[in-house]
Number of protein chains: 2
Amino acid sequence: MKALVTGGAGFIGTHLVRELLNRGLEVVCVDNFTLGHQENVDCFADNPNYKFYKLNIEETENFCEALKDEKIDIVYHLAANSDIQKGGRMPSVDFNDTFMTTYSTLELMRRNGIKNLFFASTSAIYGDKQELLTETIGDLRPISYYGGAKYASEGFISSYTFMNDLNTVVFRFPNVIGPNLTHGVIYDFVRKLQNNSHELEILGDGHQTKPYLYVLDLVDAIVKFTLDMEMKPGVEIYNAGVETATSVTTIADIVCEVLGYENVKYNYTGGKGGWKGDVPKFQYDLTKIHNAGWTAHHTSDESVRETVKYIKDNN
Amino acid sequence: MKALVTGGAGFIGTHLVRELLNRGLEVVCVDNFTLGHQENVDCFADNPNYKFYKLNIEETENFCEALKDEKIDIVYHLAANSDIQKGGRMPSVDFNDTFMTTYSTLELMRRNGIKNLFFASTSAIYGDKQELLTETIGDLRPISYYGGAKYASEGFISSYTFMNDLNTVVFRFPNVIGPNLTHGVIYDFVRKLQNNSHELEILGDGHQTKPYLYVLDLVDAIVKFTLDMEMKPGVEIYNAGVETATSVTTIADIVCEVLGYENVKYNYTGGKGGWKGDVPKFQYDLTKIHNAGWTAHHTSDESVRETVKYIKDNN
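Because the structure is a prediction, the values reported are computed rather than measured. (Residues numbered from 1 in each chain as written. Chains lettered and ligands numbered in written order. Predicted model: local features only at pLDDT ≥ 70, side-chain atom pairs only at ≥ 80, totals over all residues.)

### Re the overall build of chain A
Alright, step 1. Across its full length, chain A holds 11 helices and 13 strands.
Alright, step 2. At a minimum sequence separation of 6, the contacts of chain A that also span at least 24 residues come to 81%. (Helix = DSSP H or I, 4+ residues; strand = E, 2+ residues; numbered from the N terminus. Contact = placed C-beta atoms within 7 Å.)

### What to know about the relation of the copies chain A and chain B
For the pair of chain copies, the relating transformation is a rotation about an axis with a translation along it.
Alright, step 1. With an RMSD of 0.0 Å, the operation that places chain A on chain B is a rotation of 180 degrees combined with a shift of 0.0 Å along the axis. As the rotation angle and translation indicate, the two copies are arranged about a two-fold axis.
Alright, step 2. Interface overlap between copies is the fraction of interface residues in one copy that are interface residues in the other; for chain A against chain B it reaches 100%, indicating a shared surface. (Least-squares fit on C-alpha atoms with pLDDT ≥ 70 in both.)

### A word on the sheet that holds strand 4 (residues 74-77) of chain A
Residues and elements named next belong to chain A.
Alright, step 1. Across the sheet, 7 strands lie side by side as 3-2-1-4-5-6-11; this open sheet has parallel pairing. Here the strands that pair on one side only, and so sit at the sheet edges, are strand 3 (50-54) and strand 11 (234-239). Direction aside, neighbouring strands of the sheet carry axes that sit 15 degrees apart on average.
Alright, step 2. Relative to strand 2 (residues 26-31), strand 1 (residues 2-6) runs parallel, the two sharing 5 bridges. Within strand 2, the residue paired with Leu-4 across the bridge is Val-28.
Alright, step 3. The sheet strands contacting helix 6 (residues 145-164) are strand 5 (116-122), strand 6 (167-173) and strand 11, and the helix crosses strand 5 at an angle near 155 degrees. (Pairing = 2+ DSSP bridges. Axes fitted to C-alpha atoms, helices over the stretch in contact; angles between N-to-C directions.)

### Notes on the sheet that holds strand 11 (residues 234-239) of chain B
All names here are of chain B.
Alright, step 1. Across the sheet, 7 strands lie side by side as 3-2-1-4-5-6-11; this open sheet has parallel pairing. Every other strand in the sheet has two partners, leaving strand 3 (50-54) and strand 11 as the edge strands with one partner each. For this sheet the average axis-to-axis angle between neighbouring strands, irrespective of direction, equals 15 degrees.
Alright, step 2. The pairing of strand 1 (residues 2-6) with strand 4 (residues 74-77) spans 4 bridges and is parallel. Across the sheet, residue Ala-3 finds its bridge partner in strand 4, namely Ile-74.
Alright, step 3. Set on the sheet, helix 8 (residues 215-228) makes contact with strand 4, strand 5 (116-122) and strand 6 (167-173); between it and strand 6 the angle comes to about 160 degrees.

### Focus: the interface of chain A and chain B
Alright, step 1. Taken together, the contact between chain A and chain B spans 28 residues of the former and 28 residues of the latter.
Alright, step 2. Of the residues forming the side of chain A that touches chain B, the biggest block, 11 residues, is contributed by helix 6 of chain A.
Alright, step 3. Here the residues of the side of chain A that touches chain B are counted per class, giving 13 nonpolar, 11 polar and 4 charged. (Nonpolar A, V, L, I, M, F, W, Y, C, P; charged D, E, K, R; others polar.)

### Things to note about the packing of helix 7 (residues 185-195) of chain A against helix 9 (residues 248-259) of chain A
All names here are of chain A.
Alright, step 1. The interhelical angle for the contact between helix 7 and helix 9, taken along N-to-C directions, is 50 degrees, at an axis separation of 10 Å. Considering their axes alone, helix 7 and helix 9 lie oblique with respect to each other. The handedness of the crossing between helix 7 and helix 9 is right-handed. Mapping the contact onto sequence places Val-185, Ile-186, Phe-189, Val-190 and Leu-193 in helix 7 and Val-248, Ile-251, Ala-252, Val-255 and Leu-259 in helix 9.
Alright, step 2. The residue inventory of the contact of helix 7 with helix 9, partitioned by class, reads 10 nonpolar, no polar and no charged. (Parallel < 35°, antiparallel > 145°, perpendicular 65-115°, else oblique. Left-handed = near helix turned anticlockwise from the far one by under 90°.)

### Quick notes on the domain arrangement of chain A
Residue and element names in this part refer to chain A.
Alright, step 1. Split into domains, chain A comes out as domain 1 (2-176 + 214-239) and domain 2 (181-210 + 244-282 + 298-309).
Alright, step 2. Its C-alpha centre places domain 1 at a distance of 27 Å from the equivalent point of domain 2.
Alright, step 3. The partner domain 2 presents 13 residues to the 20 residues of domain 1 that form the contact.
Alright, step 4. For the side of domain 1 that touches domain 2, the leading source of residues is helix 4 (residues 84-89), giving 3 residues. (Domains from an automatic or database assignment.)

### A look at the environment of Gly113(B)
Alright, step 1. Relative to the helices and strands, Gly113(B) resides in the loop between helix 5 (91-112) and strand 5.
Alright, step 2. The exposure class of Gly113(B) is exposed, given the 10 C-beta atoms found within 10 Å. (Buried ≥ 20, exposed ≤ 12 C-beta atoms within 10 Å, placed from the backbone.)

### Looking at the pairing of strand 5 of chain A
All names here are of chain A.
Alright, step 1. The element strand 5 is extensively covered by neighbouring structure, given that 6 of its 7 residues are classed as buried.
Alright, step 2. Relative to strand 6, strand 5 runs parallel, the two being bridged by 7 bridges. Across the sheet, the residue bridging to Leu-117 is Thr-168, located in strand 6.
Alright, step 3. After leaving strand 5, the chain enters helix 6 and then returns to the sheet as strand 6, a path that is right-handed. (Right-handed = clockwise from strand over helix to strand, strands pointing away.)

### Thoughts on the environment of Glu302(A)
All names here are of chain A.
Alright, step 1. Position of Glu-302 among the secondary structure elements: in helix 11 (residues 300-314).
Alright, step 2. For Glu-302, a count of 18 C-beta atoms within 10 Å corresponds to the partly exposed category.
Alright, step 3. Along the sequence, Glu-302 and Ile-254 sit 48 residues apart, while their C-alpha atoms lie 9.7 Å from each other.

### Considering the environment of Asp220(A)
Alright, step 1. On the secondary structure map, Asp220(A) appears in helix 8 (residues 215-228).
Alright, step 2. Expressed as a C-alpha distance, the spacing of Asp220(A) and Ile12(A), which sit 208 residues apart in the sequence, is 12 Å.

### What about helix 9 (residues 248-259) of chain B?
Residues and elements named next belong to chain B.
Alright, step 1. A rise of 1.5 Å per residue sets the reference length of helix 9, with its 12 residues, at 16 Å; its end C-alpha atoms lie 16 Å apart and thus fit the reference within 8%.
Alright, step 2. Among the structural elements, helix 7 (185-195), strand 8 (199-202), strand 12 (246-247), strand 13 (265-268) and helix 11 (300-313) are those in contact with the buried residues of helix 9.
Alright, step 3. Positioned one or two residues after helix 9, Gly-260 has a phi angle of 80 degrees, which is positive. (Expected span 1.5 Å × (residues − 1).)

### Some remarks on helix 11 of chain A
Residues and elements named next belong to chain A.
Alright, step 1. Helix length check: helix 11 (15 residues) gives 21 Å between terminal C-alpha atoms against 21 Å at 1.5 Å per residue, within 8%.
Alright, step 2. All of the buried residues along helix 11 are Ser-300, Ser-303, Val-304, Thr-307, Val-308 and Ile-311. Taken around the axis of helix 11, the buried residues stretch over an arc of 130 degrees, which confines them to a single face.
Alright, step 3. Considering only its buried residues, helix 11 is in contact with strand 7 (175-177), helix 7, strand 10 (212-214), strand 12 (246-247) and helix 9. (Arc of directions from axis to C-beta.)

### A look at the confidence of the model for chain A
Alright, step 1. In the predicted model, chain A carries a mean pLDDT of 95, and 100% of its residues have values of at least 70.
Alright, step 2. The ipTM assigned to the predicted complex is 0.95, against a pTM of 0.96. (pLDDT = per-residue confidence, 0-100.)

### Overview of unusual backbone geometry
Residue and element names in this part refer to chain B.
Alright, step 1. Positive phi is not limited to glycine here, since Asp-165 has a value of about 55 degrees.
Alright, step 2. Mapped onto the fold, Asp-165 is located in the loop between helix 6 (145-164) and strand 6.
Alright, step 3. Given 12 C-beta atoms within 10 Å, Asp-165 falls into the exposed group.
Alright, step 4. The backbone of Asn-263 shows a phi angle near 55 degrees, a positive value even though the residue is not glycine.

Printed below as a string of structure tokens:
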């Protein structure tokens, strides 16, 4: 069985590629190293089941041409600009890296008759909703270009799935953290504290509170719902998350504790969101994915702690 | 006040351009004549308030460059592939003509600080839902490439509206008919009967039942919600429709009656939908738009009858 992982040299992609290879699949990995890193995938280079293509997936014709002779059974489409804040400064980033990569992936599948798709969607498609986020709530209004591009991707995926009889599983990811993380609040705090261990600037009021899912828990869920369970015709959407959540101030506390910084003065920039397009709080209804047989092992706080420990031990 | 109408030489666009000019606005009209026609807009050519650009809107950089010195106050974005059946055969049609035109329009607005947007969305974003369609129902699964591309457009519009403080009104159109119609079931029936007045092939089982809105009623609503009423920050979405609906068999009956064909034998191809991606039945909840002060003048059957009469008198 041969899997294509788009964004396979990225933070989540690397962990997924490793697990797929561990399970004996052939893996075709595509990345352009915008957020992914060559070093992330060097470890797979000697595996005969592993093949790498450096490609800009958003260039639809080139991408489809390069992969036209690979006999792919399932596509894990993870390629995206995962840095929402960066996308806010330049919407073409999410247009190209988050949306166009999806269109190219769907065209590859249509042209080559590939039937199985896993798509990495996001909590950001819900926009700034105050209620508990169930998969079926309506009136969704994404507020970031990233959220808009993922929402758009879900729309195209829905129509391609129906028109081409695909079996599609969509996970809406929350914040995902763990080894190899490339950006985000934890990463920022560590970097800032390494520069100045007396004061820490915190974007917003510190009350932004989100569930942080540990990347290995997520990969466990992905393979369970695409390999262990039979994929079925149509689009099946799950909130993939963890029931607990962590505030930004708590993240700062954990970072300081694990790195051994004491009496750090927190300077809040103020406001509810960290930046324009930031959704300050959300909570998933996880009934559907729990009932389907998967629950995260790590709590949100444990995920933060593990991630900070990893950064401490590897920098 | 200057308005940009994308797809302004198309079926709905032409009627809107006329109404905006009647109201004394300057109108910049853009079309590439894929579905629009030069003849539709020839009548405006001598109006000093009218300006036309022949452009492929999906070519973002060209489009933005061409219009960069126009000081536009409001954009009516109608440009799209409105022929769902055609898009089903080649998804790049809806990708380019329905989705990319939206992205280009949003980029033009962002780069030039244009704040007011009207967007022509569609019932097709709801997919094949059995329930009454309220604007806020969730779990939407568009099944046609056209529906997917409009759904994607709504996602980008939501994020651009938030990130750039736009005032946006979205109408989800049902089937819209009337003078200058270029395609669709009525047009097909007239053409088929002109070739053979004894038999009429009807796609599906004839029970497909949809609301048909008269184009002049729609234009009345568009100007009411964008010019007569103040546009406000954020995205306001309305189902724009008519409470009644007409079955495909009833359309055939009206076409035969108005054109004077008797004893026509109907041959049904069978199946619930006319083609893959066709939504056979839907009904809008119109409470929101009615409460806001607008109701269609023509019933669905009246709209069909007026349209057939127009085709009869003008062909």
